[in-house]
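Residue-level structural notes
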2 protein chains.
Amino acid sequence: MNSDMIIRITKYYRILNRLRSLGLEKVFAHNLADAAVVSAAVVRKDFSLLEIHGQKRGGYEIGDLLGHLGKILGKTEEPQNVIIIGCGRIGKALMHYNGFEPDGIRIVAGFDSDPMVYSDSTHPVPVYPLSRIEEVVKAFDVKVAIITVPEGSTSDSYQRLLHAGIKGVLNFSPITLKPMKLDDGTFPIIHNMNIALELEQIFYELQIPKTE
Amino acid sequence: MNSDMIIRITKYYRILNRLRSLGLEKVFAHNLADAAVVSAAVVRKDFSLLEIHGQKRGGYEIGDLLGHLGKILGKTEEPQNVIIIGCGRIGKALMHYNGFEPDGIRIVAGFDSDPMVYSDSTHPVPVYPLSRIEEVVKAFDVKVAIITVPEGSTSDSYQRLLHAGIKGVLNFSPITLKPMKLDDGTFPIIHNMNIALELEQIFYELQIPKTE
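The shown structure was predicted, so the numbers you read here are calculated from the model rather than taken from an experiment.

Scoring rules and cut-offs
Residues numbered from 1 in each chain as written. Chains lettered and ligands numbered in written order. Predicted model: local features only at pLDDT ≥ 70, side-chain atom pairs only at ≥ 80, totals over all residues. Heavy atoms only, no water. Buried < 20%, exposed > 50% of the residue type's maximum accessible area, 1.4 Å probe, protein only. Helix = DSSP H or I, 4+ residues; strand = E, 2+ residues; numbered from the N terminus. Arc of directions from axis to C-beta. Contact = heavy atoms within 4.5 Å. Right-handed = clockwise from strand over helix to strand, strands pointing away. Pairing = 2+ DSSP bridges. Buried area = accessible area lost by both parts, 1.4 Å probe. Salt bridge = Lys/Arg side-chain N within 4 Å of Asp/Glu carboxyl O. Polar contact = N/O pair within 3.5 Å; in protein donor to acceptor, adjacent residues only side chain to side chain. Axes fitted to C-alpha atoms, helices over the stretch in contact; angles between N-to-C directions. Least-squares fit on C-alpha atoms with pLDDT ≥ 70 in both. Parallel < 35°, antiparallel > 145°, perpendicular 65-115°, else oblique. Left-handed = near helix turned anticlockwise from the far one by under 90°. Nonpolar A, V, L, I, M, F, W, Y, C, P; charged D, E, K, R; others polar.

Some thoughts on helix H8 (residues 154-164) of chain A
All names here are of chain A. Where H8 is concerned, the buried positions are Thr154, Ser157, Tyr158, Leu161, Leu162 and Ala164. In a view along the axis of H8, the buried residues occupy a sector of 160 degrees, so they form one face of it. The inward-facing, buried residues of H8 abut strand E3 (80-85), helix H7 (133-139), strand E6 (144-147), strand E7 (168-171) and strand E8 (189-192).

Structural notes on the pairing of E7 of chain A
Residue and element names in this part refer to chain A. Every second residue of E7 is oriented toward a common face, with Gly168 and Leu170 on one face and Val169 and Asn171 on the other, all of them buried. Since E6 and E7 lie parallel, the crossover through H8 that links them has a hand, and here it is right-handed. The pairing of E7 with E8 spans 4 bridges and is classified as parallel. Residue pairing in the sheet places Gly168 in a bridge with Ile189 of E8.

Thoughts on the interface of chain A and chain B
If you look at the interface, chain A gives 60 residues, while chain B gives 60 residues. For the pair chain A and chain B, the summed buried surface comes to about 6100 Å²; carbon and sulfur atoms form 71% of the total. If you sort the residues of chain A by the area they bury against chain B, Glu200, Phe203 and Tyr204 of chain A come out on top, with a joint share of 11%. For the pair chain A and chain B, the interface holds 2 salt bridges. A salt bridge links Glu200 of chain B to Arg14 of chain A; its shortest N-O distance comes to 3.4 Å. Taken together, the links from chain A to chain B amount to 8 residue pairs in polar contact (both at pLDDT 80 or more). Mapped by element, the contributors of at least two residues to the side of chain A that touches chain B are helix H1 (3-21), helix H2 (29-36), E3, helix H5 (89-96), E6, E7, E8 and helix H9 (195-207) of chain A. Sort the elements by how many residues they give to the side of chain A that touches chain B and H9 of chain A lands first, with 13 residues.

Thoughts on the pattern of salt bridges
Residues and elements named next belong to chain B. Counted under the stated rule, the structure contains 14 salt bridges over all chains. Notably, a salt bridge pairs Glu135 with Arg132, separated by 2.9 Å at the nearest N-O pair. For Glu135, a relative accessible area of 45% gives the class partly exposed. Arg160 is the salt-bridge partner of Asp156, the closest N and O atoms lying 3.4 Å from each other.

Some words on the sheet that holds E3 of chain A
Backbone-to-backbone hydrogen bonds pair the strands of a sheet. The strands run either parallel or antiparallel. Residues and elements named next belong to chain A. The strand order E5-E4-E3-E6-E7-E8 describes an open sheet built from 6 strands, whose pairing is parallel. Looking at which strands have only one partner, the edges of the open sheet turn out to be strand E5 (127-129) and E8. Shown here is a sheet whose adjacent strand axes are inclined to one another by a mean of 25 degrees, direction ignored. Of the strands in this sheet, E3, strand E4 (105-112), E5 and E6 touch H5, which is tilted by about 155 degrees from E3. H8 rests against E3, E6, E7 and E8 of the sheet, and its axis sits at about 170 degrees to E6.

Here's the deal with the relation of the copies chain A and chain B
Both copies of the chain are related by one operation, a rotation about an axis with a shift along it. Turning chain A through 180 degrees and shifting it by 0.0 Å along the axis lays it on chain B, with an RMSD of 0.1 Å. Accordingly, the operation relating the two chain copies is best matched by a two-fold axis. Scanning chain A for the C-alpha nearest the rotation axis identifies Ile90 of chain A, at a separation of 3.3 Å. Both copies present the same face, since 100% of the interface residues in chain A are matched by interface residues at the equivalent positions in chain B.

With respect to the packing of helix H2 (residues 29-36) of chain B against helix H3 (residues 40-49) of chain B
Residue and element names in this part refer to chain B. Packing of H2 against H3 brings their axes to within 8 Å, and their N-to-C directions diverge by 110 degrees. In terms of axis orientation, H2 runs roughly perpendicular to H3. Crossing of H2 over H3 shows right-handed handedness. Where H2 approaches H3, its residues Ala29, His30, Leu32 and Ala33 are matched on the opposing element by Ala40, Val43, Arg44 and Phe47. When its residues are assigned to classes, the contact of H2 with H3 shows 6 nonpolar, 1 polar and 1 charged.

Coordinates in, geometry out; function isn't part of it.
Take a look at the structure:
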């Protein structure tokens, strides 16, 4: 399964969850296609590859689809725990973000180097000093962390996280992190989200002749 | 030039700017490679494709490289103006973010539907009601907007932006936006940044056997 297909399946899964919460029981390929911004043919091809078959009268049972796709995506009833390193404005905004819960993602704690930040008890989740990362990672079985620290602290935060047993990182710092071999011989999964770079690419694409 | 190469060139450009601000005058392919997380051979191949040649003794003049790459990226001395639609926590965090300025990106204004938000004068940039988007876009010659509104307002904000003349959108809402044909027959450039989806992909990748 290639990464584009994984992205599509994740999108189908999220849309199906929303449709179910609206009370729907059945869905057609073109509904999923519209919401995932692909063609209905792509949806049908994906389902056919996954050996998911529609009903005789057309359409799919939402409950069935969620079961199938959830299994592929490794979804469990338990929420997937995530920590945030760096509780500045972006870190705080993510702590307050209510778009994670419906997707089964739970921010369990934040970490910051500044005593003014971690002694403040008004955050929506507990915030601890960096020295307690390992303890919290073990207690909540956390596999994934979000890095929202300033540029100068990125590398240090990354090292601390890997040392504490984190296996996946979503990095918002402008420093591009690369997967480093872990003690067990595996590599962590790193996704770098560079907002300034993303804007620059838009500006670049705007000045080249359109091909679409 | 494919999109991977554009991303690399944007990265080289940013790194070169930082190196120059540190007082450096010369750079080697492997310096750029380390910072952009590619091999030195890739850097050399990119420069060779762009007909950028190194010096006899090896290495490149940083000033020369910035000139060449800046031309390719359409960089001018003027900062590139951007507006933010939706001044909740994420929108505000982006207004305060100081990582745009070094890349020549300037947030010129924010917009919000809530009078409590746009009548508050403590924001780092002016915040206006949505009805003033078109006026500000024209006054500042804004081509690109960042959408940080809640899910339910995404589609409406997108329509307003296109109507006001915006040609590029960085969308942080969980709704995937698709390029819609504009009045002049072209399509806008849309980059969707879905943070929850990004986390879910990391969780998915963590549970499949490593190929690296």
